[in-house]
Number of protein chains: 6
Amino acid sequence: MPKRELKPGMASQLDTASYQGIATFAQRPLLTEPSELDEWEPDIAIVGAPWDDSTTNRPGARFGPRSLRAAAYGPGTYHMDYGIEIFEELEVVDFGDAICSHGMWEASRSAIEERVYEVASRGIIPIVIGGDHAITWPSATAVARAHGWGEIGIIHFDAHADTALEIDGNYASHGTPMRRLIESGAVQGRHFVQVGLRGYWPPAETFEWMGEQGMRWHTMNEVFERGHHAVITDAIEEASASPKGIYLSIDIDVLDPGFAPGTGTPEPGGMAPVDLLRIIRRITREVNVVAIDIVEVSPPFDWAELTINNAHRCALESIAGIAMRRKDLRFAQK
Amino acid sequence: MPKRELKPGMASQLDTASYQGIATFAQRPLLTEPSELDEWEPDIAIVGAPWDDSTTNRPGARFGPRSLRAAAYGPGTYHMDYGIEIFEELEVVDFGDAICSHGMWEASRSAIEERVYEVASRGIIPIVIGGDHAITWPSATAVARAHGWGEIGIIHFDAHADTALEIDGNYASHGTPMRRLIESGAVQGRHFVQVGLRGYWPPAETFEWMGEQGMRWHTMNEVFERGHHAVITDAIEEASASPKGIYLSIDIDVLDPGFAPGTGTPEPGGMAPVDLLRIIRRITREVNVVAIDIVEVSPPFDWAELTINNAHRCALESIAGIAMRRKDLRFAQK
Amino acid sequence: MPKRELKPGMASQLDTASYQGIATFAQRPLLTEPSELDEWEPDIAIVGAPWDDSTTNRPGARFGPRSLRAAAYGPGTYHMDYGIEIFEELEVVDFGDAICSHGMWEASRSAIEERVYEVASRGIIPIVIGGDHAITWPSATAVARAHGWGEIGIIHFDAHADTALEIDGNYASHGTPMRRLIESGAVQGRHFVQVGLRGYWPPAETFEWMGEQGMRWHTMNEVFERGHHAVITDAIEEASASPKGIYLSIDIDVLDPGFAPGTGTPEPGGMAPVDLLRIIRRITREVNVVAIDIVEVSPPFDWAELTINNAHRCALESIAGIAMRRKDLRFAQK
Amino acid sequence: MPKRELKPGMASQLDTASYQGIATFAQRPLLTEPSELDEWEPDIAIVGAPWDDSTTNRPGARFGPRSLRAAAYGPGTYHMDYGIEIFEELEVVDFGDAICSHGMWEASRSAIEERVYEVASRGIIPIVIGGDHAITWPSATAVARAHGWGEIGIIHFDAHADTALEIDGNYASHGTPMRRLIESGAVQGRHFVQVGLRGYWPPAETFEWMGEQGMRWHTMNEVFERGHHAVITDAIEEASASPKGIYLSIDIDVLDPGFAPGTGTPEPGGMAPVDLLRIIRRITREVNVVAIDIVEVSPPFDWAELTINNAHRCALESIAGIAMRRKDLRFAQK
Amino acid sequence: MPKRELKPGMASQLDTASYQGIATFAQRPLLTEPSELDEWEPDIAIVGAPWDDSTTNRPGARFGPRSLRAAAYGPGTYHMDYGIEIFEELEVVDFGDAICSHGMWEASRSAIEERVYEVASRGIIPIVIGGDHAITWPSATAVARAHGWGEIGIIHFDAHADTALEIDGNYASHGTPMRRLIESGAVQGRHFVQVGLRGYWPPAETFEWMGEQGMRWHTMNEVFERGHHAVITDAIEEASASPKGIYLSIDIDVLDPGFAPGTGTPEPGGMAPVDLLRIIRRITREVNVVAIDIVEVSPPFDWAELTINNAHRCALESIAGIAMRRKDLRFAQK
Amino acid sequence: MPKRELKPGMASQLDTASYQGIATFAQRPLLTEPSELDEWEPDIAIVGAPWDDSTTNRPGARFGPRSLRAAAYGPGTYHMDYGIEIFEELEVVDFGDAICSHGMWEASRSAIEERVYEVASRGIIPIVIGGDHAITWPSATAVARAHGWGEIGIIHFDAHADTALEIDGNYASHGTPMRRLIESGAVQGRHFVQVGLRGYWPPAETFEWMGEQGMRWHTMNEVFERGHHAVITDAIEEASASPKGIYLSIDIDVLDPGFAPGTGTPEPGGMAPVDLLRIIRRITREVNVVAIDIVEVSPPFDWAELTINNAHRCALESIAGIAMRRKDLRFAQK
Ligand SMILES: [Mn+2]
Ligand SMILES: [Mn+2]
Ligand SMILES: [Mn+2]
Ligand SMILES: [Mn+2]
Ligand SMILES: [Mn+2]
Ligand SMILES: [Mn+2]
Ligand SMILES: [Mn+2]
Ligand SMILES: [Mn+2]
Ligand SMILES: [Mn+2]
Ligand SMILES: [Mn+2]
Ligand SMILES: [Mn+2]
Ligand SMILES: [Mn+2]
């Protein structure tokens, strides 16, 4: 039976307006030791991955985890559309950051992979807060190690495919992690589904390579033409081929920059929060999501916490969707 | 017959580009004395309510009235969709601020109630500029005193229901005014219609209480699913039960924060201005609106007057809708 | 045969991440001499028009050309929806700025007209980067001189009609250029199509004058009610009466200020980028566009390059559309 | 005997926290008619001059008067170093704006000159709030007309001499007003004293012309080397040659941009407020100042009202210094 | 013997770049329970007091404690001028926040007083992070209860005296705490020394009352004229009359707004950090400081963490000064 | 004889207000090919080094070179304190950027070293615009290769010593370049003079190592106590031991963050521009400076170009000082 008691002083620091007390994600309990994960037995654990040296354009995503914890506005925890108290359905904890080192990709990559593995290998769902998108390479690698090498799928929301061979010689660029995951075999190309691609990158040969791998992608233009309901229905269908669950990767730049200015490579013409939040809750409810990341939140370019709050709500909707999925399954089992 | 003459020097200060001259709302004449209301006989009077100490998260709405007067961009006064000169149809004046005192709710509450009553009791429609949403408590109380205790209805646009019993012990929080109004009998629960609710607050027991009062609410999810036209048609129908007219309360956070970052408790996934402005013009044309407030504009968190201009346009669309309603009624009477 | 060789040092300055090297529009080659236009034979040439003293409200558009070159994020050049490398289809160069003089309209007007004429008279498509909308007066005058006085049409995206006789006595205001063009005969009223008008300006008599000229306009309300596809189909039909091609004028304030805060006269209730970019690509593909301007980008009021990037993408989509049109025509000729 | 009664409603709008009520300069009474100046008999009258089309670099000073009235923080009115209630010693009113027209220098110049003349010709000290420095041309012209053509002096604080013949052909540039005043004979060169010049402009020939006119100037380097006390002592001595009083012109860019970022042509290496405020109070106490302007406050480039508040305090210190001068003179007369 | 061991996971979260890991003040250990204070036996404990409803002008200081923990840049811990590792000399912990309730002064006042008392009554030096200056009332009350009612002194850095009887009827305004402390007898007027007063508030009668209480104050003008070394020497002498130690209260608005824009009532003409930091280190070294507060940091008005970092360094210099004082005393004892 | 002719179109693009035309440093001619350096024979060449992946805290300095060219305000070129036209005395060109690759230190290091070497090896003085301070490692290495390995000195302005062995395992951190230069022998420790150190980093052992190398440093505290004139006199004396000239490295964080918020590791308590600009002009006039860098300008954290303009003026003052030095030497030779 899990040990989940907070000391009274700590409890009162967490049970208050979101701008005061201790800054943890959504004011959830803070665990720092792997052994505490064993004792507490959470369903979900937040892990920060404060790395941004792989950014091609505007850096700053290293401040993402800190900002989601310290500056996001937490209005409450009752999901009015689902009618559930989010954190009564699932036990969510904050497991701190993978400690990264500026300019040191190998050390940082390893720190991220290991911290995510600590979580995922225990059957706990990690929600990894980036950091730029390069962090998905170690993060999804860890999840593949835990759940089955080559056996998980990825649903990937992004303006960009992030499948380049390299950018300016950099194989760890935030424009390359999806290629690395396929190359290593951690994730098979045919288990990849991308949504929201738009703009002028990557070039044709990259799309060709993507096709050769069996990757599927749905551009923003397709979402625009067919509507997101139809597209997501397809994406869920395509993802169902992954036997060991889905890793959901949300690059906040899938939103239009008007809603999410705080990001490194903004691309006009993106989604609106009113749609994205519904998409996320739907996917997490309908699909067996085993890990999530939310990346590319760059607070120096944010205004009035627009981007931070959108990212924070992506996490809340994910948690709510997972909670509903478990309720649905319990109901179905009866 | 109303006396409505401005001295020539004052007239030229008001009849110019909106960034120069005297800063009144929409460059309308400034009246400061109740006796001037009697002489001038306006149809509508702007009243500022610069109070923000009831804010649970980001304060700053005390600067709302000043900013709407001084920093909103006034492009002109011809409503191109209705084909009317707004201020030729209706006489609108600026009646200054209810003088509030920092940290002193009772004194401020009273100042707001009395100043709104000065307007409403003369049959003039007040447009009250907040301030945080707590100001709706005294403002709507004044309108109920003037038009009929328990006999007006409220159509309330907001991301939040603002019906909590108390928040952190505060019964005058900006999360509680609607409860106070129902408790006092100023407005009956069955005369309340809310539109735009979303996110994670209030908790279930508050929704239960709302149901018990006969309140009606339309979540943002409902607006998303059914479209705003259908929802507003229902809302208007529901509001029609109020015998003595409608108080329209617009919390600017009903807009998505991407359009209205300058607010205290931003909730992603809201409306777009292209929709909200049409909704407001429709309601004010179709319903007997006797008072309006526009609240939760917090200029310190605004950028490039995004939120300020949206709030300003909510007022203009309201005035235009009211003007059209009167034209419609005159036409119908013929 | 065109001479289009860059020295190797220059080539490497242009072929890199968009924030480094030489700041030209979209990192295209820089030509400064008219003779270089003859040698290089580009299809399209960018011309800056850094003038903002005609702004009625928030100035700053003088910094528009510099900002589009220096601060827009250039992610790549492959148009994923069309499957083309934009700059392989068309040769685009940056022809620098028309040198303007602060407060000196006549000198600046003349500089803009002559620089645009240098481009247009060679059959090169100018893309003129404003500056406020007053620059369309000299710019379209130059295009009319080059392609046929009274024989080009204008498709004009804007929240405002910009057809005033004068504003505060100013006949060169950014609210008047379209009137000047019709008065001079450079463009006939019946060749004018406007899209996106909204708000409270201009007044009725201006709309009457517009009607008398045979101008056509589609308000934002019409776009809202009928959808942009139907409206643009009509606009294209209406524009087809212009025998010598279309001048496309894009006032960035046609976008909602939430997406484009960096502009001088923001009007809530505008378009979203996801729509505007599609509209632009459609028009440039379906219509014979011979010149383009993108105006009213005011960087001091922008945040995180939101407006700058939208304007930059308007240019990229225009270029892509023109490229596809040429492909379509070549294909049709076979 | 002056009529100085405010209606009670107006009085309460002005007697409150500076962010609420009516936005006048320092919450002083608002007069709009010349006849009211005669009745009220103020000592000092504020006049706004919202013009910025003469700016060579960053425009925005048109928003200066509005911002000083609406956004400056007014903490109180007791001058703790002088021990006086500022507005009990002197009667100060706000006389509104000279109505300017965008892009129309002649009309705006004339409006400024006439409104300042209305004040100065009555023996009231105008404090003119810019706008860019071009407004000093009409403003000081009006003062010279009122007090003696060629008989007033100017003490001019600025990073720039503003004595160019023309800039880019513009004779009304904000870099030229001092030349215009000398050329017209309104102010003689030998009655000009400049303080704070620094940086890289104007060029040598302009300094030569300045020397030929008998102008005196004290660079920031001289202030740095000799200290401001010695320099101001000299400046006061030099200014004493002006028989009919001094026009004090304060370009806020005399401050270092770190203290005053909201300005059009910032030049690093300027004064600190702790010094400038003392200099101003000293000059206004020791010299017969008959008019003042405070210019080049450009709110779009300001942050957290830094520049606005500095400009506002320049006005308060001027008023305090003038009040003390009158006390000193009364004391000396006894 | 104190128990001061951190679990290894927690240790690594705190021992890293200051933007990652757990957000505690200066990355010090986090204690939340009073019993932990007993076990850990720190020399100094940080306490947040996130209250800002007593602000007369720009609110936002409620975000002060969160921001100092989450957004201040921590470069290292070696004090190069003193040659000490700050946190090796003294044990400093973060004791979390006094949980405040929006709009509820009595509850918040009590929470602050009790949490500070938990610290001070154990002989631990509290460093209280505001919050607006109203928090000094409960905070210093707690210290007086712990160290001797009427027997501690206060050295108070501020642009404002904060000794009003009331402001707009509010006796708990941030302009009144020093009066409350004297009235209650917690601190005697003759034990009060203020430094940095400037501007236009409070009025004469308040200064008179201050004189009657035996308070001493040193205006910014005096600091300017005599230099801070002489003034602080006097202030230390004056403070020496307090038998039970000194409470040091630092209102960040004692700095010029150019260095500290993020504050509620900015007053131009203040100190520079290069001086203030030296003053603080001197006072804490030369005087028996038993408690400290740092107040009026309002992050919404801050830019690039200017104010936050200044406040953070005020704390570091205080800690360093206290450490040196203890070294000095140990040395003297030998 | 140098070939220094610009085509007329290019000349007019460069000879205009600094916000228009082509964005080169100070509107100087742009050379991109090494062969052009040979033909043009400039005295000084600007080189951009847009690298920031070595930043320990706030990245963004990659945008430094672009911003100094595109956004700095260029008021003119006449140095009023020296009475010279800066660019008539010396021929200065812009040699573009060393093309860096995100996340790829070795490639970027090499690109910087080679581009600086192209300049320095021709006897041209490079002014290198960072980028973070890591770029001084390759830049000064290139200069040492060109002028004498181990025979140049460095005068280094900074809040930080940047002499760490490594930071978080990173030997190329912006906190380590000075150590790398000494280790490699490029610069001897005894040829190093640092000015402006302050705060809490590096730790004691690093200072010990610095002492062992014979490095000299002058803390901000020393500057504060002794005044900058005395300290710089010493620094110049100490630097005179370097036989082959001085490399001047200016980390903009030597300024107080109030003047230079746009930087990565801000440390309160720094210099004012009024002092720094004088120091720089003095050193470049009195010492044989053979190369300069200006680093750590991070535009995302800048406001209203405060930091950008300070950095730009550091370059102008350097050029002016060098010009005067050459005049002095010519005069001495006569
Ligand atoms: Mn991505
Ligand atoms: Mn992306
Ligand atoms: Mn509300
Ligand atoms: Mn709300
Ligand atoms: Mn337009
Ligand atoms: Mn427009
Ligand atoms: Mn000037
Ligand atoms: Mn100036
Ligand atoms: Mn205070
Ligand atoms: Mn204060
Ligand atoms: Mn450095
Ligand atoms: Mn540094």
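Residues numbered from 1 in each chain as written. Chains lettered and ligands numbered in written order. Predicted model: local features only at pLDDT ≥ 70, side-chain atom pairs only at ≥ 80, totals over all residues. Heavy atoms only, no water.

The name given to chain A in an unreviewed UniProt entry is Guanidinobutyrase, with Acidithrix ferrooxidans as the source organism. UniProt lists a comment for chain A under the heading Sequence similarities (unreviewed entry), and it reads "Belongs to the arginase family. Agmatinase subfamily." (UniProt positions renumbered as here; feature names shortened; annotations may be inferred.)

A. Looking closely at the packing of aromatic side chains. The tally for this structure, following the rule as stated, stands at 45 aromatic pairs over all chains. Taken together, a centroid distance of 5.5 Å and an interplanar angle of 45° make the contact between F207(A) and W217(A) tilted. With F207(A) in helix α8 (residues 204-212) and W217(A) in strand β8 (residues 216-219), this pair connects stretches of sequence that are ten residues apart. Residue F207(A) is classed as buried on the basis of its relative accessible area of 9%. In this structure W217(A) comes out as partly exposed when scored by relative accessible area, which is 26%. The structure contains a cluster of three or more aromatic residues connected by ring pairs, namely W303(A), W303(B), W303(C), W303(D), W303(E) and W303(F). (Phe/Tyr/Trp six-rings, centres within 6.5 Å; stacked < 30°, edge-to-face > 60°. Helix = DSSP H or I, 4+ residues; strand = E, 2+ residues; numbered from the N terminus. Buried < 20%, exposed > 50% of the residue type's maximum accessible area, 1.4 Å probe, protein only.)

B. Spotlight on the UniProt feature "binding site: Mn(2+)" (unreviewed entry) in chain A. Residues and elements named next belong to chain A. Taken from the UniProt record, the annotation "binding site: Mn(2+)" (unreviewed entry) applies to H133, D158, H160, D162, D251 and D253. Sequence-wise these annotated residues cover 121 residues; spatially they are packed, their C-alpha atoms never more than 12.2 Å apart. Excluding anything up to four places from it in sequence, D158 contacts H133, V195, G196, L197, D251, D253 and V254. A polar contact is formed between the side chain of D158 and the backbone nitrogen of H160, at a distance of 2.9 Å. With respect to the helices and strands, the residue D162 is situated in the loop between β6 (152-157) and α7 (177-184). Here D162 falls in the buried class, since its relative accessible area comes to 3%. With near-sequence residues (within four places) excluded, D162 lies in contact with H133, H156, H174, G175, T176, P177, M178, R179, W201 and D251. Here the side chain of D162 touches H133 through a polar contact of 2.9 Å, side chain to side chain. (Contact = heavy atoms within 4.5 Å. Polar contact = N/O pair within 3.5 Å; in protein donor to acceptor, adjacent residues only side chain to side chain.)

C. How the structure looks around the pattern of salt bridges. If you walk through the whole model with that rule in mind, you get 156 salt bridges over all chains. A salt bridge links R326(A) to D43(A), with the shortest nitrogen-to-oxygen separation between them at 3.1 Å. Taken together, the residues R326(A) in helix α12 (residues 306-333) and D43(A) in the loop between α2 (34-40) and β1 (44-49) connect sequence positions 283 residues apart. The salt bridge involving E151(F) is made with K244(F); its shortest N-O contact spans 3.1 Å. Here K244(F) lies in the loop between α10 (228-239) and β9 (246-251) and E151(F) lies in the loop between α6 (136-147) and β6 (152-157), a separation of 93 residues in the sequence. Overall, E151(F) belongs to the partly exposed group, its relative accessible area being 30%. Ionic contacts of the salt-bridge type, sharing partners, join the residues E106(A), R109(A), E113(A), E114(A) and R145(A) into one network. (Salt bridge = Lys/Arg side-chain N within 4 Å of Asp/Glu carboxyl O.)

D. Molecular detail of the side chain of R69(A). Relative to the assigned elements, R69(A) resides in helix α3 (residues 64-70). Residue classification places R69(A) among the buried positions, given a relative accessible area of 8%. Within polar-contact distance, the side chain of R69(A) engages the side chain of D94(A) at 2.7 Å. Excluding anything up to four places from it in sequence, R69(A) contacts A23(A), T24(A), F25(A), I46(A), G48(A), D94(A), G96(A), D97(A), G21(E) and R66(E).

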